[in-house]
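Per-entry structural report
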Amino acid sequence: MSTPKKFQRTLVTSALPYANGEIHLGHLAGAYLPADIFVRFLRMQGRDVLYICGSDEYGVPITLTAEKEGISPKELVDRNYASIKKSFEGFGMSFDNFSQTSREIHTETSQSFFMDLHDQGLLKQKTTEQFFSPSQNRFLADRYIEGTCPKCDTAGARGDQCEKCGSSLDPTELIDPHNVLDNSPLELRETTHWFLPLAEWQPRLEKYSADHPEWKENVRNYCGSWFKDTLADRAATRDLGWGVPVPLPDHEGKVFYVWFEAPIGYISSTREWAADQGDPEAWRKWWQDPDTRLVHFIGKDNIFFHALMFPAMLMAHTEDYIVADNVPANEFLNLEGQKLSTSRNFAVWLPEYLEKFSADPLRYTLARNLPETRDMNFTWEGFLARNNNELGNNFGNLINRVFTFIHKYFEGRVPEWSEAMMTDLDRQALADVQADLEKYSAHMEKFEIKAAMEACFHAGQAGNRYFDESAPFKTRKTDLVRCGHSLGVIVQILRMLCLMLAPVVPFGMEKVWSWLGAETSLWQGGWDEGVKDIPAGRQLGKQEILFPRFEEEQIQAEIDRLKGLLAE
Ligand SMILES: [Zn+2]
């Protein structure tokens, strides 16, 4: 394998959340938290990084919800966008831009992208038969069609699936198909659409995939399984009233399929960011310069679109776009041993969580439990234990004890500590934590956040052990110089712990960073300062409790709520 390319800058994206509801824990563990942690790690190291996202706002589920609520699709997505944005902010997601696909800049960007492929003659036109509702004078998406199931003879089967017997269906198989909204009968009519002939790009895609043996196993396996067959044509356009209109004559009522335009949303959002910077062309550096590394964070249900489809579209464009250098896809997060289900409301929703708890404990618990290589499980008991035992006892107490001690006995200044006074115990403790910091960085670079957090936890244990063994609470009475030296050593351990914890629990560590009297901004190259010794004599800030304990009753209420949902 050749040496990995050194890039000048990194463009990170998280899958665009669908604006049909709120964010839940499964979303956070999939595409959002890992990306935010990675981005914060890079920013801390002073590396050039841009973090882009936005909400995905077109498609049938949006129109269905809007019709049910009696509002326009635009009203619905604007409301949900505002709510999602607020939740993300509360959770500490540090996007550089969070846009909407229903904005003009996205219409413009995706239409021009489509026309580029169209004008090269790369898209294929095909005519198919689809259900048309004469009463509403429009073609209907599968979800708007109901009829009797041909397999189990039950009425009310949906156009794509029968809920009764679980068969997945094509709407043309339904007996007596009709419009869900007004029960009127339907007729089959011909409609013409544009398709992306993926098979024509298959050799290039297979080479692209083969050139990235470092990708996660789940991503490589998915790609490998698709390459066993010839890739099918994918429709790029459809008949629907809510979407980006196809910019061609005689295409009234035709819009882009969401999967076609949504990934282009990353580009639109970057363009919007560039315009906001007052440098509208600045987006090109992030999308068209081969010195930029593009990384898509997604859940496993999105691998096809980010590892095959979108790269194919980018490769096909006449301008030289870069394609993803990595697609770190996560598996799924279960809840209390069960699959999350938004239709049964069996989920933990971020806005509700944030009403009761702060962001750091959830970020920490999820980071320790990320479904990086297999499905993982979130339990409220586990959340309690991670907060009380790890954040509280392992990290919070150590930080609190050291600051309290220094303020009480050394006037809040880092006590005298020096190389000359180093014992084997001191050296060993510093070397252990230093080694953990190096392991941490190496794992972070490879998107192995769970392993990085394991190193961080280990460093916390080493710090506690050193505190107990060097025993400044004893030497205070017998040897104040030795006591001060030990505390000076622990301050060095704390600054390294602060670096390791910061991307995961940013709210708490921004405080610790300032208590340590750091001069640089943590997120603008703080790492360089954090790996250097904090000299004796520096004035430290006053600490407060970082990670309050949770009580059993608080957690039990959440468990009971979920149990109630399961019982229903
Ligand atoms: Zn059925």
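Residues numbered from 1 in each chain as written. Predicted model: local features only at pLDDT ≥ 70, side-chain atom pairs only at ≥ 80, totals over all residues.

A word on the overall build of the chain
Rules: Secondary structure elements are taken from DSSP: a helix is a run of H or I of four residues or more, a strand is a run of E of two residues or more, and numbering for both begins at the N terminus. With the radius of gyration taken over C-alpha atoms, the globule rule is written as 2.2 Å times the number of residues to the power 0.38. Burial is judged by counting the other C-beta atoms within 10 Å of a residue's own C-beta: 20 or more makes it buried, 12 or fewer makes it exposed, and any count in between marks it as partly exposed, with every C-beta position built from the backbone. Contact between residues is assigned whenever the C-beta positions, reconstructed from backbone atoms, fall within 7 Å.
For the chain, the helix and strand inventory stands at 20 helices and 16 strands. For the chain, whose C-alpha radius of gyration is 27 Å, the value lies close to the compact-globule estimate of 24 Å for 568 residues. Along the first, second and third principal axes, the C-alpha set of the chain runs to 95 × 55 × 45 Å. Burial status across the chain gives 43% buried among its 568 residues. Taking as baseline every contact in the chain between residues at least 6 positions apart, the subset at least 24 positions apart corresponds to 75%.

Section: the sheet that holds strand S14 (residues 329-330)
Quick note on the threshold: Think of it this way: DSSP has to see at least two bridges between two strands before they count as a pair.
Spatially, 5 strands are ordered S3-S2-S1-S13-S14 in an open sheet, and the strand pairing comes out parallel. Across the chains shown, the open sheet's two edge strands, defined by having one partner strand only, are strand S3 (97-100) and S14. Bridge count for strand S13 (residues 292-299) against S14 is 2 bridges, and the pairing is parallel. Opposite glycine 299, over in S14, you have asparagine 330 as the bridge partner.

A short note on the nonpolar core
Threshold: Joined through C-beta atoms within 7 Å, a set of buried Ala, Val, Leu, Ile, Met, Phe, Trp, Tyr and Cys residues constitutes a nonpolar core. Domain extents, as shown, originate in an automatic or database domain assignment.
With 152 residues, the main nonpolar core has Val402, Cys498 and Leu501 as its most contacted residues. Per-domain counts for this core show at least three residues from each of domain 1 (9-121 + 196-330) and domain 2 (380-530). Once residues lying within four places of it in the same chain are set aside, the contact partners of cysteine 498 are Met509, Val512, Trp513, Leu516 and Gly530.

Description of the pairing of strand S9 (residues 187-196)
Pairing of strand S4 (residues 124-133) with S9, which is carried by 9 bridges, proceeds in the antiparallel orientation. Residue pairing for S9: lysine 124 is matched across the bridge by phenylalanine 195. Of the pairings in the sheet, the one linking S9 to strand S10 (residues 234-235) comprises 2 bridges and is antiparallel in character. If you follow phenylalanine 195 over to S10, its bridge partner there is alanine 235.

Structural notes on the sheet that holds strand S6 (residues 145-148)
Taken in spatial order, the 3 strands make up an open sheet running S7-S6-S8, and their pairing is antiparallel. The open sheet has two edge strands, strand S7 (157-158) and strand S8 (175-179), and neither has a second partner. Pairing analysis gives 2 bridges linking S6 to S7, with the strands arranged antiparallel. In the sheet register, glutamate 146 faces S7, and the bridge partner there is arginine 158.

Thoughts on the domain arrangement of the chain
Here is the rule we go by: Residue polarity follows a fixed list, in which Ala, Val, Leu, Ile, Met, Phe, Trp, Tyr, Cys and Pro are nonpolar, Asp, Glu, Lys and Arg are charged, and the others, Gly among them, are polar.
Domain parsing of the chain yields domain 1 (9-121 + 196-330) and domain 2 (380-530). Between the C-alpha centres of domain 1 and domain 2 the distance comes to 39 Å. Taken residue by residue, the interface counts 11 residues in domain 1 and 16 residues in domain 2. Classifying every residue of the side of domain 1 that touches domain 2 by side-chain character gives 6 nonpolar, 3 polar and 2 charged.

So, helix H4 (residues 104-119)
Here is the rule we go by: What a helix is expected to span follows from its residue count: subtract one and scale by 1.5 Å. Working definition: the arc comes from the directions between the helix axis and the C-beta atoms, pointing outward to the latter.
Along its 16 residues, H4 runs 22 Å from first to last C-alpha, staying within 8% of the 22 Å computed at 1.5 Å per residue. Every buried residue of H4 is listed here: His106, Thr109, Ser110, Phe113 and Phe114. Along the axis of H4, the buried positions cluster into a sector of 125°, meaning they face one direction only. Turned more than 90 degrees from where H4 packs its buried face, Glu104, Ser112 and Asp119 sit exposed. Elements in contact with the buried residues of H4: strand S12 (254-256), helix H7 (258-261) and helix H8 (264-276). Following H4 by one or two positions, glycine 121 adopts a phi angle in the positive range, close to 75°.

Overview of the environment of alanine 459
Positionally, alanine 459 belongs in helix H15 (residues 449-470). The exposure class of alanine 459 is buried, given the 27 C-beta atoms found within 10 Å. Setting aside chain neighbours within four positions, we find alanine 459 in contact with Val433, Asp436, Leu437, Met496, Leu497 and Met500.

A look at the packing of helix H1 (residues 25-44) against helix H12 (residues 359-368)
What counts here: Axis geometry follows a simple rule: fit a line to the C-alpha atoms, using only the stretch in contact for helices, then measure angles between N-to-C directions, giving values from 0 to 180 degrees. Comment on the angle field: the value is read as roughly parallel under 35 degrees, roughly antiparallel over 145, roughly perpendicular from 65 to 115, and oblique elsewhere.
The geometry of H1 relative to H12 is characterised by a closest axis approach of 11 Å and an angle of 105° between their N-to-C directions. The orientation of H1 relative to H12 falls into the category roughly perpendicular. Contact residues: Leu28, Ala29, Leu33 and Ile37 in H1; Arg363, Leu366 and Ala367 in H12. Taken together, the residues that form the contact of H1 with H12 break down as 6 nonpolar, no polar and 1 charged.

Details of the environment of aspartate 528
Structurally, the position occupied by aspartate 528 is in helix H19 (residues 526-530). Separated by 484 residues in sequence, aspartate 528 and methionine 44 place their C-alpha atoms 8.3 Å apart.

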